[in-house]
Amino acid sequence: MVVRVALDTPLRRLFDYLPVRDFDRPGHEPRPGVRVRVPFGRQRLIGVVHSLATSSELPAEKLKPLLEVIDAEPVLDAAVMELLEFAAAYYHHSIGEVMAAALPKLARTGATAQLLIERWFPTGPGLAALAGDELKRARRQRELLETLRDAPGIASEVLAERFDDWRTPMRALVQRGFASSAETPHEPPASDTPLLRGTGPALSGEQAAAVAAIDGAAGRFAPFLLYGITGSGKTEVYLHAVEHALRRRKRALVLVPEIGLTPQLVGRFRERFGVTVAVLHSGLTDSERLAAWRECVAGSARIVLGTRSAVFAPVADLGVVIVDEEHDASFKQHESGFRYSARDLAILRSQKAQVPIVLGSATPSLETLQNVETGRFTRLSLPRRAGQALPPRAAVIDLREHAVRAGIATPAVEAMQRHLADGGQVLVYINRRGYSPTLACTACGWIAPCRDCDARLTVHLAAQRLRCHHCGADAPLPASCPQCGYAVRHVGQGTERVEETLAQLFPAMPIVRLDRDVVRKRGDLESVVSRIASGEARILVGTQMVTKGHDFPSVTLVVVLNADQGLFSTDFRAPERVAQTIIQVAGRAGRGAKPGEVMIQTEYPGHPLLKSLLAEGYDGFARAALAERAAASWPPFAHVAALRASAGALATATDFLRQARQLARVPRGIKLLGPAPAAMAKRAGRYHAQLLLESRERAPLHRVLDPWLVEVEGIKAPRDLRWSLDVDPLELF
Ligand code: ADP
Ligand code: ZN
Ligand code: ZN
């Protein structure tokens, strides 16, 4: 017998091994889905058994035995294995890297998949110290130790719920010999734990109809688009769909965008359900991630809530799949390694599992709308708040006609005065963080460039730094021009400068800012959100972050400072992104009792996209945009793959792509476009270029890719050249 193993290497193949002879652990046998340790050259690697075969293409004497079978039970079940296999074929990526992407980091390095939970106990000296006054001055340590005294054996998870940061004081307690831990197997929750812990509001007619449609599709593949603005009650529909699945003794998989996985959302699931909810996202520490994954493997998690890679979570007996904010770009992994769309794979997963899937959004992707158009998906609408149209009073401010102070036009300032005087909150959206996007010399024309990118450095005034938002370069802010010594000035605005200007205009109004510079660690987002939700802050200035999933009922005015960015991009998807952002930001206005008003500043008030968006809302925009895509043969009316290359010199990258182009044997109907340098060719010191393949039909494109990639792999290129294939790319630069 030969064991075929998927190893985390870029090589697009499996590796054959002989089974281990004497098992020191009974039951640990190689079978599909279990992890094994194998010799690989001079290294030892951990891989996943893909399959068992009777023979190998290699001669028997060349085969080496496995070193160890790590798991007694598969950590990737048959359904997930099938999904991964499909994904490797569809994205033309190494099966080993694809399987690695499905495992948390610690599982890839061999951590046990068994559910252990870390429990904490006070020691005798610890209890004595509490009784005395030894811990009087160490408040956090004392409180933590008191908790252990009152609940000896308390689990880490529970501590994490009660304390913001308990690891630091715990470390101190352990060092002083006052506390100790033990790992014990998790006790499965008693079978009589109630399914529901809380109840939600009575459903509206539309919500009830949506839930009934989803529930009526139980046991078969049925994709639904749940179309409704934020606050229209989508989450409530998800909660009910999940409840119905749980009642049928099934499990639920819920995917949310990177930034959408807020503690509020997790809280809503945990408050509603008595069952274990495993949460998987990139903000977790490695061990937290491992712990959540173990809950999935063991099957104790009935609900799995996570971001992108959670689509691969081992969830047996799936009953329903939910993808919230399905249009969100963070579902596509496009930066490195295995580039996949978690939304598309979620659809495939529910197809294989024969369960309904709900794709929710206020601004669905054009792909999804087209799937509704062709009847593949069923549309469920929650039109409670004025459908998908903008709130009634939406207006454009023509920047060419009005006085503008630091990016804010007079009519916007006047509207802000009005709303603030009426007791409303105001949200100002600008798609740029920092103080100003450019630092320029007043005399010689010098502009602070990034050395490693085709980009300017952004001024961060409070921090006194110049930073590149593309490569992370960071330098002190010069007080004068490094070239001629004259004064420098800040050109344009970012959130930091808008905040400063608003503070001058409205000195009595508390302002908060929401962007990646403010939100750096866990808890930051919550504190900003709570200052707005409580009404303490009256003005909110923010980037895209303000558009994601928060409910600010007292915001009555939304001002979009620069709608123009993206209107003229070379990327065919840019208009879709602009429209989605405007609608999502505008949707923050007038969520409560008071009516909302939206003002969009632009230099191009006649732009057809803005006009259709204002006149007919997202639906109207989407109709126009789909017609444009059809006319130009872009997705969803065509299928695209991008071969990308980067190197220390642009010529190296384009030469490589030119050779690749020559090797491609494409039938009629498939177009090759490029190679062309990326719109921002130089990034982080490397030059990027791409070659596009475009085809009306999906199948012929994929037939071309496999044999072609074998040839591309054979191209002799300089060592610094890196290349990758992106199937269904979201961004074309
Ligand atoms: P979405 O997910 O579309 O943003 P939510 O489900 O979060 O919408 O609903 C927004 C708010 O409205 C929540 O506070 C929720 O509890 C409330 N809500 C949802 N459905 C109803 C309903 N049928 N009746 C009353 N309140 C509701
Ligand atoms: Zn100068
Ligand atoms: Zn840079």
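Here the structure is a predicted model, which means the values were calculated and not measured.

**Describing the overall build of the protein chain**
Inference 1: For the protein chain, the count of helices and strands is 20 helices and 32 strands.
Inference 2: The principal-axis extent of the C-alpha atoms belonging to the protein chain is close to 85 × 80 × 65 Å.
Inference 3: The proportion of buried residues among the 733 residues of the protein chain is 53%.
Inference 4: Once local pairs closer than 6 in sequence are excluded, the contacts in the protein chain between residues at least 24 apart make up 76%.
Inference 5: Carbon and sulfur atoms make up 51% of the accessible area of the protein chain, which amounts to about 32600 Å² in all.
Inference 6: Mean positive and mean negative side-chain charge positions of the protein chain (92 and 79 charges, respectively) differ by 2 Å.

**Structural notes on the coordination of the zinc ion (ligand 2)**
Inference 1: Donor atoms from the polypeptide that bind the zinc ion (ligand 2) are Cys441 (SG), Cys444 (SG), Cys481 (SG) and Cys484 (SG), placed at 2.2 to 2.4 Å.
Inference 2: Along the chain, the residues donating to the zinc ion (ligand 2) fall in the pattern C-x2-C-x36-C-x2-C.
Inference 3: Here Cys481 falls in the buried class, since its relative accessible area comes to 4%.

**As for the confidence of the model for the protein chain**
Inference 1: Summarising the model, the protein chain shows a mean pLDDT of 89, and 95% of its residues fall at 70 or more.
Inference 2: Low pLDDT, under 50, characterises residues 386-390; the predicted model gives this stretch 17 contacts beyond four residues in sequence or across chains.

**Concerning the coordination of the zinc ion (ligand 3)**
Inference 1: Coordination of the zinc ion (ligand 3) by the protein involves Cys450 (SG), Cys453 (SG), Cys468 (SG) and Cys471 (SG), with metal-donor separations of 2.2 to 2.3 Å.
Inference 2: Because the angles between the four donor atoms bound to the zinc ion (ligand 3) fall within 103 to 114°, the donor set is best described as tetrahedral.
Inference 3: Motif for the zinc ion (ligand 3), donor spacing along one chain: C-x2-C-x14-C-x2-C. With Cys453 in the loop between β20 (438-441) and β21 (458-460) and Cys468 in the loop between β22 (465-467) and β23 (474-476), this pair connects stretches of sequence that are 15 residues apart. Neither residue differs from the other here; Cys453 and Cys468 are each classed as buried.

**Things to note about the side chain of Arg35**
Inference 1: Relative to the helices and strands, Arg35 is located in strand β3 (residues 35-40).
Inference 2: Residue class for Arg35 comes out buried when judged on its relative accessible area of 0%.
Inference 3: A distance of 2.8 Å separates the side chain of Arg35 from the side chain of Asp71, its partner in a polar contact.
Inference 4: Of note is the side chain of Arg35, whose polar atom sits 2.6 Å from the backbone oxygen of Ala107.

**Observations concerning unusual backbone geometry**
In terms of backbone geometry, most residues other than glycine have negative phi values and most peptide bonds are trans.
Inference 1: Here the bond from Pro635 into Pro636 is cis, since omega is 5°, no more than 30 degrees from zero.
Inference 2: The topology assignment puts Pro636 in the loop between α18 (608-632) and β29 (639-647).
Inference 3: In this structure, the amide linkage connecting Gly674 to the following residue, Pro675, adopts the cis form with an omega of 10°.
Inference 4: One non-glycine residue with positive phi stands out, namely Arg249, at about 65°.
Inference 5: Counting through the fold element by element, Arg249 comes out in the loop between α9 (234-247) and β10 (251-255).
Inference 6: Non-glycine residue Asp728 carries a positive phi angle of around 55°.
Inference 7: Inspection of the secondary structure assignment puts Asp728 in the segment after β32 (722-727).

**What about the site of ligand 1?**
Inference 1: Taken together, 14 residues sit near ligand 1, with Ala202, Gln207, Gly231, Thr235 and Arg268 positioned nearest.
Inference 2: Between ligand 1 and Lys234 there is a distance of 2.8 Å, counted from an oxygen atom to a backbone nitrogen or oxygen.
Inference 3: For ligand 1, an oxygen atom lies 3.0 Å from a polar atom in the backbone of Glu236.
Inference 4: In the complex, 70% of the free accessible area of ligand 1, which totals 550 Å², lies under the protein chains.

**A closer look at helix α12 (residues 342-353)**
Inference 1: In this model α12 runs 16 Å from its N-terminal to its C-terminal C-alpha over twelve residues, within 8% of the 16 Å that 1.5 Å per residue would give.
Inference 2: Along α12, the residues classified as buried are Ala342, Arg343, Leu345, Ala346, Ile347, Leu348, Arg349 and Ser350.
Inference 3: Along its buried surface, α12 packs onto α1 (78-90), β10, β13 (318-324), β14 (356-361) and α13 (366-373).
Inference 4: Gln354, located one to two residues past α12, shows a positive phi value of around 55°.

**Some points on the sheet that holds strand β16 (residues 393-398)**
Inference 1: Within the open sheet, the six strands sit side by side as β16-β28-β27-β19-β26-β25. Their pairing is parallel. With one partner strand each, in any of the chains shown, β16 and β25 (511-514) form the two edges of the open sheet. The mean angle between the axes of side-by-side strands here comes to 15°, regardless of whether they run parallel or antiparallel.
Inference 2: Where helix α16 (residues 524-533) meets the sheet, its contacts fall on β19 (425-429), β25 and β26 (539-542), and the angle it forms with β25 comes to roughly 145°.

**Description of the packing of aromatic side chains**
Inference 1: Across all of its chains, the model carries twelve aromatic pairs by this definition.
Inference 2: Centroid distance Tyr91 to Phe338: 6.0 Å. Interplanar angle 70°. Geometry classified as edge-to-face. Remark: Phe338 occurs in the loop between β13 and α12 and Tyr91 occurs in the loop between α1 and α2 (95-101); sequence separation between them is 247 residues. Accessibility classification places Tyr91 together with Phe338 in one group, the buried group.
Inference 3: Chaining the aromatic ring pairs together yields one cluster made of Phe86, Tyr90, Tyr91, Phe312, Phe338 and Tyr340.

**Section: the packing of helix α5 (residues 139-150) against helix α7 (residues 167-175)**
Inference 1: α7 packs onto α5 with a crossing angle of 80° between their chain directions and a minimal axis gap of 9 Å. In terms of their interaxial angle, α5 and α7 are classed as roughly perpendicular. On the side of α5, the interface is formed by Arg140, Gln141, Leu144, Leu145 and Leu148, while α7 contributes Thr168, Pro169, Met170, Ala172 and Leu173.

**A short note on the packing of helix α4 (residues 124-131) against α5**
Inference 1: Relative to each other, α4 and α5 sit at 120°, their axes nearing to 10 Å. By the angle class used here, α4 and α5 are oblique. In terms of crossing hand, the pair formed by α4 and α5 is left-handed. Seen from α4, the contacting residues are Gly126, Leu127 and Leu130; seen from α5, they are Arg142, Leu145, Glu146 and Arg149.

**What to know about the sheet that holds strand β2 (residues 15-17)**
Inference 1: The five strands are arranged β2-β1-β4-β3-β5 in an open sheet whose pairing can be described as antiparallel. Looking at the sheet topology across the chains shown, the edges are occupied by β2 and β5 (68-69).

**A closer look at the pattern of salt bridges**
Inference 1: If you walk through the whole model with that rule in mind, you get 36 salt bridges.
Inference 2: A salt bridge links Glu367 to Arg573; the shortest N-O distance between them is 2.8 Å. Of this pair, Glu367 sits in helix α13 while Arg573 sits in the loop between β27 (555-560) and α17 (574-586), and the two are 206 residues apart along the sequence. Each member of the pair Glu367 and Arg573 is classed as buried.
Inference 3: Residue Arg513 pairs with Asp515 through a salt bridge whose shortest N-O separation is 2.9 Å.

**Describing the pairing of strand β28 (residues 597-602)**
Inference 1: Within β28, six of the six residues are buried, leaving the element largely enclosed by the surrounding structure.
Inference 2: Residues of β28 alternate between two faces, with Glu597, Met599 and Gln601 on one and Val598, Ile600 and Thr602 on the opposite face, all of them buried.
Inference 3: As judged from the six bridges shared by β16 and β28, these two strands associate in the parallel manner. Looking at the pairing, Val396 lines up with Ile600 of β28.
Inference 4: By the bridge criterion, four bridges tie β27 to β28 in an arrangement that is parallel. Across the sheet, Val560 pairs through a bridge with Ile600, a residue of β28.

Calculation rules
Residues numbered from 1 in each chain as written. Chains lettered and ligands numbered in written order. Predicted model: local features only at pLDDT ≥ 70, side-chain atom pairs only at ≥ 80, totals over all residues. Heavy atoms only, no water. Helix = DSSP H or I, 4+ residues; strand = E, 2+ residues; numbered from the N terminus. Buried < 20%, exposed > 50% of the residue type's maximum accessible area, 1.4 Å probe, protein only. Contact = heavy atoms within 4.5 Å. Areas by Shrake-Rupley, 256 points an atom, 1.4 Å probe, with all protein chains shown as cover. Lys, Arg positive; Asp, Glu negative; His and termini not counted. Charge placed at Lys NZ, Arg CZ, Asp CG, Glu CD. Donors = N, O, S within 2.8 Å, 3.2 Å for Na, K, Ca; no water. pLDDT = per-residue confidence, 0-100. Tetrahedral: all angles 85-135°; square planar, octahedral: opposite > 155°, others 65-115°. Polar contact = N/O pair within 3.5 Å; in protein donor to acceptor, adjacent residues only side chain to side chain. Near = heavy atom within 4 Å. Expected span 1.5 Å × (residues − 1). Pairing = 2+ DSSP bridges. Axes fitted to C-alpha atoms, helices over the stretch in contact; angles between N-to-C directions. Phe/Tyr/Trp six-rings, centres within 6.5 Å; stacked < 30°, edge-to-face > 60°. Parallel < 35°, antiparallel > 145°, perpendicular 65-115°, else oblique. Left-handed = near helix turned anticlockwise from the far one by under 90°. Salt bridge = Lys/Arg side-chain N within 4 Å of Asp/Glu carboxyl O.

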